[in-house]
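Each chain is listed here by its residues.
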Amino acid sequence: MTDPAISVAMSVYNGERFLAEAIESILDQSFSDFEFLILNDGSHDSSRSIIDGFAIRDARIKAIHRQNRGLIASLNEMIAMARAPLIARMDADDRSMPERFARQYAFMRDNPGHGVIGCWSEDIDQSGARVWLDGLDQPTRHADFLIAMDAGRSVFCHPSVMMQRDLVLGVGGYHAAFHHCEDYDLWLRLAGLTKFANLTERLLQYRQSSQQITKQHSEELTYGSLVARIAYQRRRQGLPDPTESLSQLPPVEQLDTLFAQDGLSRQTMEQLYAAVAYDEQAMRGETFDRLVKHVRGGGRTNHWRTVARLALRMGEPWRAIRLATALVVPSRDSLSSK
């Protein structure tokens, strides 16, 4: 049996609602020379039977069923077993347009210096209707990728990418420490080794949901992204990266020790809460309590706009009062340290 041109990697965890649509969108690709690795990561809904039903119908599907180990372990497992030189990512709730693989494969064939190719996406809601969101599309030229990464901006829609397997394996795959931002860390580690590009065609429909990682774990994701950027800057300076061997990131208070750089913990904490303060879901949860504690401990005091958003946009007057009080009345510990 000859090896396929592309190995598609899809991890599934309780994805029964949209799984059939996602699988069908891959099987309907105009470019058909691929194997389709679908890893059922310990689902306890009907995902297994859906996957097995498609596998019976199409020999390109390789179904893997095992206990839950998480997305990072699942992606690394599929990359290791893939037979093709190119890996195409796909999520279990999105839809790929029929020409996605054909367009991306042609780009990779014609531009051998590029190791990762993505595409622009179209946001859809739970019913599949188009959702119009504010924000910039991802960069298209490699030079613009470097600028975007320095600014902390998104550079790829993760389920849209196609990438060279050997390159990903060469940097150790996805790193377990960067839970929920494993893709961003990977792009930063690959940036000095290859070129990036995005096609301007919207070849992926990206499902928006309140259950998305970016919405449920925004504080952890933002923190991991900030640490990934710190590690990226150190590598660019020729310094060792202490995150390479970590299975999980330390608390923000320990960053000074991890990177041997005084003031890094405080700086990162300021950036973290400046970012998550705009996340309404986070501000209605425990992240808000940590923000108040940070402010009362002597953190940045320019969160008055956050107070206004809590009171006027989010309908959270009591939280607005709590944050305003913390801004006006610092804690005793903060006063004693001055």
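Please read all numbers here as calculations on a predicted model, not as lab measurements.

Cut-off values and rules
Residues numbered from 1 in each chain as written. Predicted model: local features only at pLDDT ≥ 70, side-chain atom pairs only at ≥ 80, totals over all residues. Heavy atoms only, no water. Helix = DSSP H or I, 4+ residues; strand = E, 2+ residues; numbered from the N terminus. Buried < 20%, exposed > 50% of the residue type's maximum accessible area, 1.4 Å probe, protein only. Contact = heavy atoms within 4.5 Å. Areas by Shrake-Rupley, 256 points an atom, 1.4 Å probe, with all protein chains shown as cover. Pairing = 2+ DSSP bridges. Core = buried A, V, L, I, M, F, W, Y, C linked by side-chain atoms within 4.5 Å. Arc of directions from axis to C-beta. Polar contact = N/O pair within 3.5 Å; in protein donor to acceptor, adjacent residues only side chain to side chain.

1. Here we look at the overall build of the protein chain
Helices and strands together make up the secondary structure of the protein chain, namely 16 helices and eight strands. Seen along its three principal axes, the alpha-carbon backbone of the protein chain occupies a region of about 70 × 45 × 35 Å. Looking at the protein chain as a whole, 51% of its 338 residues are labelled buried. Intrachain contacts of the protein chain at a sequence separation of at least 6 include 75% that bridge at least 24 residues. When the accessible surface of the protein chain is summed, it comes to about 16300 Å², and 51% of that surface belongs to carbon and sulfur atoms.

2. A look at the sheet that holds strand β1 (residues 6-12)
The strand order across the open sheet formed by eight strands is β3-β2-β1-β4-β7-β6-β8-β5, and the pairing between neighbours is mixed. Each edge of the open sheet is held by one strand with a lone partner, namely β3 (61-66) and β5 (95-96).

3. Section: the nonpolar core
Counting residues in each nonpolar core, the largest one holds 60 residues, and the members touching the most others are M163, W187, F196 and L323. With seven residues, helix α9 (residues 218-236) is the largest single contributor of residues to this core. Apart from the residues within four sequence positions on either side, M163 is in contact with I79, P85, L86, I87, R89, M108, G115, V116, V168, Y174, L186 and W187. Core analysis: the second largest hydrophobic core is formed by 33 residues, A5, V12, A88 and A197 among them.

4. Overview of helix α13 (residues 286-296)
Considered for burial, the residues of α13 that qualify are T287, F288, L291, V292, H294 and V295. Here the buried residues of α13 occupy an arc of 160 degrees about the axis, which is enough to place them on one side. For α13, exposure combined with an orientation more than 90 degrees from the buried face picks out E286 and K293. For α13, the secondary structure elements touched by its buried residues are α9, α11 (264-276), α12 (280-283), α14 (304-313) and α15 (317-328). Immediately beyond the C-terminal end of α13, within one or two residues, lies G298, with a positive phi of roughly 105 degrees.

5. Details of the environment of R109
On the secondary structure map, R109 appears in helix α4 (residues 100-110). When its relative accessible area of 54% is taken as the criterion, R109 is described as exposed. Reaching out from R109, the side chain makes a polar contact with the side chain of D110 at a distance of 3.0 Å.

6. Quick notes on the side chain of H158
Mapped onto the secondary structure, H158 falls in the loop between α5 (142-150) and β7 (162-164). Only 3.3 Å separates the side chain of H158 from the side chain of R89, close enough to count as a polar contact. Within the structure, the side chain of H158 is placed 2.9 Å from the side chain of Y174, a separation counted as a polar contact.

7. Topic: the pairing of strand β8 (residues 195-207)
Both β5 and β8 contribute to a ladder of two bridges, which runs antiparallel. Each bridged residue has a counterpart across the sheet, and for R95 the counterpart in β8 is Q205. Across 10 bridges, the pairing between strand β6 (residues 114-124) and β8 is parallel. Residue pairing across strands places C119 opposite L199, the latter belonging to β8.

8. Things to note about unusual backbone geometry
Only a minority of non-glycine residues have a phi that is not negative, and only a minority of peptide bonds are not trans. A positive phi angle, close to 50 degrees, is found at N14, a residue other than glycine. Turning to its location among the elements, N14 is positioned in the loop between β1 and α1 (19-27). We classify N14 as partly exposed; its relative accessible area is 27%. Here H180, not a glycine, exhibits a phi torsion of approximately 75 degrees, which is positive. One can find H180 in the loop between α6 (165-170) and α7 (182-190).

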